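So you can see what is in the structure, the chains are spelled out below.
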Amino acid sequence: MLNLQLMDSIFFNVSNLYFIIFIIFFLGGVVKGTIGVGLPTITIGLLIFFFDIKESISLILVSVILTNLFQVFEGNNFKIVIKDNFYFLVFSSSFIIPGIYLLNILNSQIIIFFLAILIISNSLLYFLDKTIKINNSNTFGKQSFLGLLNGLVVGMTGIYTMPFIFLLQSLNYKKDKLIQLMGITFFLYSMIQIICFNFFNFYNPGIFTKSVIYSIPAVLGIMFGRLIRKKLSENLFRILFNGMLLIIGIGIFIKNFF
């Protein structure tokens, strides 16, 4: 009888965990569908409450690939976007590899601390209304330096938007161009990550299968997010999104360092 109760308890806990993970991916998809960005930030920020940072990043990669594949071809600016940001794309993609090497050799607590700083900084910049723009952001020097930093951050943490956001804020792009640039960039990043994760043995058939399954609620979330985009003002949603990120970042600090 005791063993049966223990098995029921384990099954219940596992079932709860799967439900929570589905909600996390759905929520990430809703954010992505509403504002065009945020799936990795939300999902990784919440998954590390339950998993190691390496496994958390591994679980999101299929979702990121699928959800950004549509954005790659969403618009007629593919060639222009590539040409304008060529140096950034080359350097940021290349430096994902040393970033993943750092993820492999550094203590997870160091990575999580850095991740929390990024998440909180991202939110505070929004709430303090600080817009950081880079003059002449299309030059080789500035794009390569920003790309180098962004690639290292992506490789180490799986977060795509810092300091990429500074380039986005510097471009005089309309919304459709920005969305296509983000789609191209994030799709490229996730493809490089999944190849490198296989090389570093972070990936295995079990994690890949879970990553595929969890992409389903992410895609459903995107569909729901696109409906929200029509009903809810983007400004209000950004306030809610950044407020949630701030809470997540503070929660990561409390859980891991206090």
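Keep in mind the model is a prediction, meaning the values are calculated, not measured.

Draft legend 1. Here's a closer look at the overall build of the protein. For the protein, the count of helices and strands is twelve helices and zero strands. Scaling as 2.2 N^0.38, a compact globule of 258 residues should have a C-alpha radius of gyration of about 18 Å, and the protein matches this with 18 Å. Each principal axis of the C-alpha atoms in the protein carries an extent, and together these give about 70 × 45 × 35 Å. Taking all 258 residues of the protein together, the buried fraction comes to 49%.

Draft legend 2. Fine view of the environment of Tyr 189. Its location among the elements puts Tyr 189 in helix 10 (residues 175-199). Classification of Tyr 189 by relative accessible area gives buried; the value is 0%. Once the C-alpha coordinates of Tyr 189 and Gly 158 are considered, the two residues, 31 residues apart in sequence, prove to be 9.2 Å apart. For Tyr 189, the residues in contact, after removing those within four places along its chain, are Phe 88, Ser 92, Ser 93, Ile 96, Asn 150, Val 154 and Tyr 160. One polar contact links Tyr 189 to Ser 92, side chain to side chain, over a distance of 2.8 Å.

Draft legend 3. Quick look at the packing of helix 2 (residues 39-47) against helix 3 (residues 53-72). Their axes nearest at 9 Å, the elements helix 2 and helix 3 cross at an angle of 155°. In this view, helix 2 runs roughly antiparallel relative to helix 3, as classed from their interaxial angle. The two elements helix 2 and helix 3 meet at a crossing, and its hand is right-handed. Of the residues in helix 3, those touching helix 2 at Leu 39, Pro 40, Thr 43, Ile 44 and Leu 47 are Ile 53, Ser 56, Ile 57, Leu 59, Ile 60, Ser 63, Val 64 and Thr 67. When the residues that make up the contact of helix 2 with helix 3 are grouped by side-chain class, the tally is nine nonpolar, four polar and no charged.

Draft legend 4. Local environment of the nonpolar core. Counting 65 residues, the largest nonpolar core has Phe 25, Leu 47, Ile 53, Leu 61, Phe 164 and Phe 197 as its most contacted members. Ranked by residue count, the leading element in this core is helix 10, at ten residues.

Draft legend 5. Fine view of the confidence of the model for the protein. Mean pLDDT over the protein works out to 82, with 92% of the residues at or above the 70 mark. When mean pLDDT is taken per element in the protein, helix 5 (residues 86-94) scores highest with 93 and helix 1 (residues 2-35) scores lowest with 71. In the model, residues 4-12 has pLDDT below 50 throughout and makes zero contacts with residues more than four positions away in sequence or in other chains.

Draft legend 6. Structural view of the packing of aromatic side chains. The final tally for this structure, using the stated rule, is 14 aromatic pairs. On the numbers, 5.1 Å between centres and 15° between planes, the contact of Phe 88 with Phe 164 is stacked. Linking Phe 88 in helix 5 with Phe 164 in helix 9 (residues 164-170), this pair joins segments that are 76 residues apart in sequence. Since its relative accessible area comes to 0%, Phe 88 is described here as buried. For Phe 164, a relative accessible area of 0% gives the class buried. With a centroid separation of 5.0 Å and an interplanar angle of 90°, the aromatic rings of Phe 197 and Phe 202 are classed as edge-to-face. With a relative accessible area of 0%, Phe 197 lands in the buried category. On the basis of relative accessible area, Phe 202 is assigned to the buried category, the value being 10%. Joined through ring pairs, the aromatic side chains of Phe 88, Tyr 160, Phe 164, Phe 186 and Tyr 189 make up one cluster.

Draft legend 7. Broad picture of the environment of Gln 71. Mapped onto the elements, Gln 71 comes out in helix 3. C-alpha separation for the pair Gln 71 and Leu 227, spaced 156 residues apart in sequence, amounts to 17 Å. Leaving out residues up to four positions away in the same chain, Gln 71 has contacts with Lys 32, Gly 36, Ile 179, Gln 180, Met 182 and Gly 183.

Draft legend 8. Local environment of unusual backbone geometry. At Asn 201, a residue that is not glycine, the phi angle is positive and equals roughly 60°. Its location among the elements puts Asn 201 in the loop between helix 10 and helix 11 (205-231).

Basis of the calculations
For every chain, the first residue of its written sequence is number 1, and the numbers climb from 1 along that sequence. At least 70 in pLDDT is required for a residue's local features to be given in this predicted model, at least 80 for side-chain atom pairs to be given and counted, and no such filter applies to totals for whole chains, interfaces and linings, which use all residues. Hydrogens are left out, water is left out, and the side-chain values use all remaining heavy atoms of the structure. Under the DSSP-based scheme used, a helix requires at least four consecutive residues in state H or I and a strand at least two consecutive residues in state E, with every element numbered from the N terminus. Here the globule rule reads 2.2 Å times residues to the power 0.38, and the radius of gyration is calculated from C-alpha atoms. Burial classification: accessible surface area is computed with a 1.4 Å probe over protein chains only, and a residue below 20% of its type maximum counts as buried, one above 50% as exposed, and the rest as partly exposed. Only heavy atoms matter for contacts: two residues are in contact if any of them lie within 4.5 Å across the pair. Nitrogen and oxygen atoms within 3.5 Å of one another constitute a polar contact, given that in protein one can donate a hydrogen and the other can accept it, and given that sequence-neighbouring residues count only through two side-chain atoms. For helices, the axis comes from a line fit to the C-alpha atoms of the stretch in contact; other axes are also lines fit to C-alpha atoms, and the angle between any two N-to-C directions lies between 0 and 180 degrees. Comment on the angle field: the value is read as roughly parallel under 35 degrees, roughly antiparallel over 145, roughly perpendicular from 65 to 115, and oblique elsewhere. By definition, any crossing whose near helix is turned counterclockwise from its far helix by less than a right angle is left-handed, and any crossing with a clockwise turn is right-handed. Each residue receives one of three labels: charged for Asp, Glu, Lys and Arg, nonpolar for Ala, Val, Leu, Ile, Met, Phe, Trp, Tyr, Cys and Pro, and polar for the others, Gly being one of them. To form a nonpolar core, buried Ala, Val, Leu, Ile, Met, Phe, Trp, Tyr and Cys residues must be joined to one another through side-chain atoms within 4.5 Å. Predictor confidence is given residue by residue as pLDDT, running from a minimum of 0 to a maximum of 100. Classification of ring pairs rests on two measures: the distance between centres of Phe, Tyr or Trp rings, Trp counted by its six-membered ring, which must be within 6.5 Å, and the angle between planes, read as stacked under 30 degrees, edge-to-face over 60 and tilted in between.

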